[in-house]
Amino acid sequence: MTRRALVTGASKDIGQSVAIMLAQSGFEVVVHYHRDDKGAKETVHLIEENGGKASLIQFDIQDRAACRERLMAEIAQNGAFYAVVNNAGICLDVPFPAMEEDMWDRVIHTNLDGFYNVLKPCVMPMIQQRTGGRIVTLTSVSGMAGNKGQVNYSAAKSGIIGATKALALELAKRKITVNCVAPGLIETDMTKDLEYKNEIEKHIPMRRAGKVEEVAAVINFLCSDAASYITRQVISVNGGLI
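What you see is a predicted model; the values in this text were computed from it and never measured.

### A short note on the overall build of the protein chain
Within the protein chain, the secondary structure is distributed over 8 helices and 7 strands. For a compact globule of 242 residues, the expected C-alpha radius of gyration is about 18 Å, and the protein chain comes in at 17 Å, within 12% of that figure. Each principal axis of the C-alpha distribution contributes one length, and for the protein chain these read about 50 × 35 × 35 Å. Looking at the protein chain residue by residue over its 242 residues, the buried ones come to 49%. For the protein chain, restricting intrachain contacts to residue pairs at least 6 apart in sequence, the fraction spanning at least 24 positions comes to 71%. Summed over its atoms, the accessible surface of the protein chain is roughly 12200 Å², and 51% of this surface lies on carbon and sulfur atoms. Averaging the coordinates of the 27 positive side-chain charges in the protein chain and doing the same for the 27 negative ones gives two points 9 Å apart.

Right, dumping it as structure tokens:
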């Protein structure tokens, strides 16, 4: 029986790369997007042209009711997910004294509330399937060590680490692993025009930004049978930054 995987924020960058790798590993991938339907369709196309299976699902991870409705309908029609990769997120960076209420709320609601909104409809069907499962969440170096200008983002990503570790304890006896991947500076649309990027790279022992494929490869491994005894971990992909 083909295993199914949900990847949120799979229209570009890390999410797209994860979706493609999981498909190459034999998963039938459900490609999530919020607004970027063009990018999501490209992800599906890239999977299908290499013989994989993929489909689309659209919702805003901030919208709890929409997450529940769309995911429950998807699961009812096609069965539970074996793997869920919580990749979607946003950052709105500014020094804390200049941070508006909306900037705090949007980052917390998207990144941290998204953990609950996406995983809550998926976990019980995964348990009831009785075949184990894989959950991978995305945190950040910022969530592990903090970063100036990212108090909101650091708070949300740190919260994801705590939530991931707690959920891992609850699901371990069900043979469902729950792990967190923490990218450092990665070449994405979000970072390509980042101010002081060259300066940041000087502080990375490997003296370069990472590639999305390098993050996706770790997530792909954590979703594999080979990672069956790895749970409750935070795995950094940051070139030795911390």
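### Brief notes about helix α2 (residues 37-48)
In this model α2 runs 16 Å from its N-terminal to its C-terminal C-alpha over 12 residues, within 8% of the 16 Å that 1.5 Å per residue would give. Here α2 has its buried residues at Gly39, Ala40, Thr43, Val44 and Ile47. The buried residues of α2 all sit within an arc of 145° when viewed along its axis, so they share a single face. Those residues of α2 that are buried are in contact with α1 (13-24), β2 (28-33) and β3 (53-58).

### Looking at the pattern of salt bridges
Should their charged atoms come close, side chains of opposite charge can pair. Scanning all chains against the criterion turns up 5 salt bridges. Residue Glu74 is joined to Arg4 by a salt bridge in which the shortest nitrogen-to-oxygen separation is 2.8 Å. With a gap of 70 residues between them, Glu74 in helix α3 (residues 64-78) and Arg4 in strand β1 (residues 4-7) connect regions that are remote in the sequence. For the pair Glu74 and Arg4, a shared accessibility class is recorded, and that class is buried. With a closest N to O distance of 2.8 Å, Glu214 and Arg208 form a salt bridge.

Rules used in this analysis
Residues numbered from 1 in each chain as written. Predicted model: local features only at pLDDT ≥ 70, side-chain atom pairs only at ≥ 80, totals over all residues. Heavy atoms only, no water. Helix = DSSP H or I, 4+ residues; strand = E, 2+ residues; numbered from the N terminus. Rg over C-alpha atoms; globule rule 2.2 N^0.38 Å. Buried < 20%, exposed > 50% of the residue type's maximum accessible area, 1.4 Å probe, protein only. Contact = heavy atoms within 4.5 Å. Areas by Shrake-Rupley, 256 points an atom, 1.4 Å probe, with all protein chains shown as cover. Lys, Arg positive; Asp, Glu negative; His and termini not counted. Charge placed at Lys NZ, Arg CZ, Asp CG, Glu CD. Expected span 1.5 Å × (residues − 1). Arc of directions from axis to C-beta. Salt bridge = Lys/Arg side-chain N within 4 Å of Asp/Glu carboxyl O.

Purely spatial values, then, with no claim about function.
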